[in-house]
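Listed below, chain by chain, are the residues.
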Amino acid sequence: MSASELSILIIDEDRVRAAIIEEGLREAGHTRVAVINSTQEVARRIAEIAPDVVVIDLANPDRDRLEHFFLLSKALRKPVAMFVDKSDAAAIGAAIEAGVSAYIVDGLRKDRVKPILDMAVLRFNAYSRLQRELDEARNALEERKLIDRAKAILIRQRGLTEEAAYTLLRKTAMNQNRRVAEIAQSLITAAGLLEP
Amino acid sequence: MPDLRITAGFLPLLDSLLLVIARERGLAAAQGIDLTLVRETSWANIRDRVAVGHFEVAQMLGPMPIAANLGLSPIDVAIVAPMALGLGGNAITVSNRLWERMLKAGAPGSIEPAPAGAALARVVAAGDGRLCFAVTHPFSGHNYELRYWLAASGIRPDADVDIVILPPQLMADALAAGTVDGYCAGEPWNSAGVLAGAGRIVTVKARLWPDSPDKVLGVEQRWAEAHPEALAALLRALYAASLWCGDPANHAEAAAILGGPAYLDKPSDLLLRGLSGRLELARGETVRVADFFVPNAHSATFPWVTHALWYYAQMVRWGDVVHTPAHQAQAARSYRPDLYRAAIAPFGASLPTSDEKQPGQMRFFDGASFDPTRITTPSA
């Protein structure tokens, strides 16, 4: 371990995202990387980790408490927010939009830290995209299930073919300017009410 | 009339009220301002997003601009406070377990700070476990008024009891879990603790220090200097909001608006407690607290230089900053009654004749007053 190697601390309650950031830092050649998933743990471990750089999630409501720990900690005597270099407005905006923030010890050269924040921003964004896609896929699956159930009701009660049942759902949706899944949901609810 | 877009950051607290009402009642629009409000999750986010220009203005804790200008924050930004967002609004809540002990130690069950503090001092003196109190931020009215109450009651903060930082929405749970024994926070978080059955309100800021300041409108200094007309228009909109909120006939509607999903996302009857001053101290035990939260009366939105200096004096008292004449001048310059006067004058409202309060105008529950010409470094 070289003396000049940076000690990096990642604080993130989202364990998966923290692991993704950690992996990115290790791939970039950093070996002194610590991850903490709960704010409570920070007070206990910050002295032992003695971070030069702290990467945190901006949505963490505990950020005020974390800053207070940094202020109290002798390990990070003068933490400076990464955004201190206001000349790079685009990078700052990108970090805030991605939802990531960083603190560095005073005096650390910014060019040593910038790649760390850039990588964190990229991985935060990739992670959000992944989650969004996952949510969309989950919703699509839910909707398909609803439509299948609505079709089954029409086939059973109106004696339609599967194709005709779907055509009827889609036509109704178009006429009412609603989504097919919404019509399917209404039909399922109505059928439930009418059941003996 | 200016046609201006302003984005303001706020935290879900009762005293985000003036910003919310200025937007929702069309008062900002009437001044030519397209006001966008963004709910944030921490004061650190508010500060950073003002610093990088995402927010032109924001609701801020009264000491925040002073701390930023004195270089006590992790980010280097100059912030001015051209307006206060009301007076009072805070309370101190303790756990049921601590309240039982205070009751045995002679607490009368009123909200008067002196007897409650005396009872707490007897509990602390009896030993039996070190007590822990939570506040929302080190540079907050909550921290400094809790410390004032403890110290005036004969309890030494840090030496006799611990004070930790906790986001307000976690306080009731922490109280119920026994992680903390009490907290000082803004509404609705005291009433939320009572509603959850986690604790009891033992005293209120309005009794510790009548007509005391809390949140301010924080503005990045460079933006304020570059956009004087936009800022003045916003101050007028907020002043109009304070007039509307100051009328008790509007409290129910104000609570309903503030409780909406984009703002506090809370039932309006919970918000009405702080707004009307009819506080439930414990379940089923309601008292009427005069001037609990004051949006307009008593020059509630005036950014008194003396208030800035009181916060500065507390920073000196608790070792946050070393007292020097330069620091004191910097703290005084953080509040900008000149900007307020210039903007509000067209309303024809009666404005204070001086930017500073006389010592006799600031009375604390222990009989002390505050004289900014006599700030001294505490002896170690």
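All values reported here derive from a predicted model rather than from experimental measurement.

Parameters and conventions
- Residues numbered from 1 in each chain as written.
- Chains lettered and ligands numbered in written order.
- Predicted model: local features only at pLDDT ≥ 70, side-chain atom pairs only at ≥ 80, totals over all residues.
- Heavy atoms only, no water.
- Pairing = 2+ DSSP bridges.
- Helix = DSSP H or I, 4+ residues; strand = E, 2+ residues; numbered from the N terminus.
- Axes fitted to C-alpha atoms, helices over the stretch in contact; angles between N-to-C directions.
- Contact = heavy atoms within 4.5 Å.
- Phe/Tyr/Trp six-rings, centres within 6.5 Å; stacked < 30°, edge-to-face > 60°.
- Buried < 20%, exposed > 50% of the residue type's maximum accessible area, 1.4 Å probe, protein only.
- Lys NZ or Arg CZ within 6 Å of the ring centre and 35° of its normal.
- Buried area = accessible area lost by both parts, 1.4 Å probe.
- Salt bridge = Lys/Arg side-chain N within 4 Å of Asp/Glu carboxyl O.
- Polar contact = N/O pair within 3.5 Å; in protein donor to acceptor, adjacent residues only side chain to side chain.
- Core = buried A, V, L, I, M, F, W, Y, C linked by side-chain atoms within 4.5 Å.
- Domains from an automatic or database assignment.
- Nonpolar A, V, L, I, M, F, W, Y, C, P; charged D, E, K, R; others polar.

Describe in detail the sheet that holds strand β6 (residues 90–95) of chain B, supporting the description with residues and values.
Residues and elements named next belong to chain B. Overall, mixed pairing links the five strands, which are arranged β8-β7-β9-β6-β10 in an open sheet. The open sheet terminates on both sides in strands that have one partner only, identified here as β8 (162–165) and β10 (199–204). Adjacent strand axes in the sheet meet at a mean angle of 25°, parallel and antiparallel pairs treated alike. Relative to strand β9 (residues 182–186), strand β7 (residues 132–135) runs parallel, the two sharing two bridges. Looking at the pairing, A134 lines up with Y183 of β9. Helix α7 (residues 141–152) contacts β6, β7, β8, β9 and β10 of the sheet and is inclined by roughly 135° relative to β9.

Which residues make up the packing of aromatic side chains, and what values go with them?
All names here are of chain B. According to the stated counting rule, one finds 12 aromatic pairs over all chains in the structure shown. With 6.4 Å between their ring centres and 70° between their planes, Y148 and F365 make a pair best called edge-to-face. In this pair, Y148 sits in helix α7 while F365 sits in the segment after α17 (337–344), placing the two residues 217 residues apart along the sequence. Judged by relative accessible area, Y148 falls into the buried class, the value being 10%. With a centroid separation of 5.8 Å and 25° between ring planes, the pair formed by W310 and F364 is classed as stacked. Of this pair, W310 sits in helix α15 (residues 305–317) while F364 sits in the segment after α17; the two residues are 54 residues apart in sequence, bridging distant segments of the chain. Residue classification places F364 among the buried residues on the basis of a relative accessible area of 6%. A cation sits over an aromatic face here: R147 above W318, 5.2 Å from the ring centre.

Kindly report on the interface of chain B and chain A, identifying the contributing residues and their values.
With 26 residues of chain B at the interface, the matching set in chain A holds 23 residues. In total, about 1,900 Å² of surface goes out of reach between chain B and chain A, with carbon and sulfur atoms giving 58% of it. Inspection of the region where chain B meets chain A yields two salt bridges. Run the count over chain B and chain A and you get seven residue pairs in polar contact (both at pLDDT 80 or more).

Any chance you could break down the nonpolar core for me, citing the residues and the numbers?
Residues and elements named next belong to chain B. Formed by 80 residues in total, the largest nonpolar core has its most connected members in M102, L120, L146, W149, W310 and M315. Among the elements that make up this core, the one with the highest residue count is α15 (nine residues). In this structure, L146 is in contact with I92, F133, V135, I163 and C184, ignoring residues within four places of it in sequence. Residues A206, A241, L271 and F302 belong to the second largest nonpolar core, which totals 58 residues.

Residues and numbers for the pattern of salt bridges, please.
Residues and elements named next belong to chain A. This structure, assessed with the given rule, holds 36 salt bridges over all chains. R17 serves as the salt-bridge partner of D12, at 2.7 Å between the closest nitrogen and oxygen. Here D12 matches R17 in class, with each residue buried. Among the salt bridges present, the one from R123 reaches E23, with a minimum N-O distance of 3.0 Å. Highlighted residues: R123 in helix α5 (residues 110–158) and E23 in helix α1 (residues 15–27), separated in sequence by 100 residues.

Before we move on, can you summarise the domain arrangement of chain B with the specific residues and values?
By convention, interface size is frequently given as the accessible area that disappears when the constituent parts associate. All names here are of chain B. Along its sequence, chain B is organised into domain 1 (4–87 + 214–260 + 296–374) and domain 2 (90–208). Each of domain 1 and domain 2 was reduced to a C-alpha centroid, and the two centroids are 26 Å apart. In this complex, domain 1 contributes 22 residues to the contact, which on the side of domain 2 involves 24 residues. Approximately 2,000 Å² of surface area, both sides summed, lies buried where domain 1 meets domain 2, with 68% of it carried by carbon and sulfur atoms. Counting across the domain 1 and domain 2 interface gives one salt bridge. The shortest N-O distance in the salt bridge between K205 and D214 comes to 3.2 Å. Where domain 1 packs against domain 2, one counts seven residue pairs in polar contact (both at pLDDT 80 or more). At the level of secondary structure, the elements contributing two or more residues to the side of domain 1 that touches domain 2 comprise α4 (64–69) and α15. Counting residues per element, the side of domain 1 that touches domain 2 draws most heavily on α15, which supplies five residues. Residue composition of the side of domain 1 that touches domain 2, grouped by class: 16 nonpolar, one polar and five charged.

Account for the sheet that holds strand β1 (residues 4–10) of chain B, with residues named and values stated.
All names here are of chain B. Read from one edge of the open sheet, five strands run β2-β1-β3-β11-β4, paired in mixed fashion. Of all the strands in the sheet, the pair left with one neighbour each is β2 (33–39) and β4 (79–84). For this sheet, the mean angle separating the axes of adjacent strands, direction not counted, is 35°. Sheet analysis places β4 next to strand β11 (residues 215–220), joined by four bridges and oriented antiparallel. In the strand pairing of β11, V80 is matched with V219.

Can you break down the environment of L66(A) residue by residue, with the values?
Residue and element names in this part refer to chain A. Mapping L66 onto the fold places it in helix α3 (residues 63–72). Linking L66 and L160, residues 94 residues apart in sequence, is a C-alpha distance of 62 Å. Not counting residues within four places of it along the chain, the set of residues in contact with L66 comprises I11, T39, V42, I56 and N60.

Now, about the environment of L146(B): what can you tell me, with residues and values included?
Residue and element names in this part refer to chain B. With respect to the helices and strands, the residue L146 is situated in helix α7. By relative accessible area, L146 is classed as buried at 0%. Between the alpha carbons of L146 and A134 there is a distance of 9.4 Å; along the sequence they are 12 residues apart.

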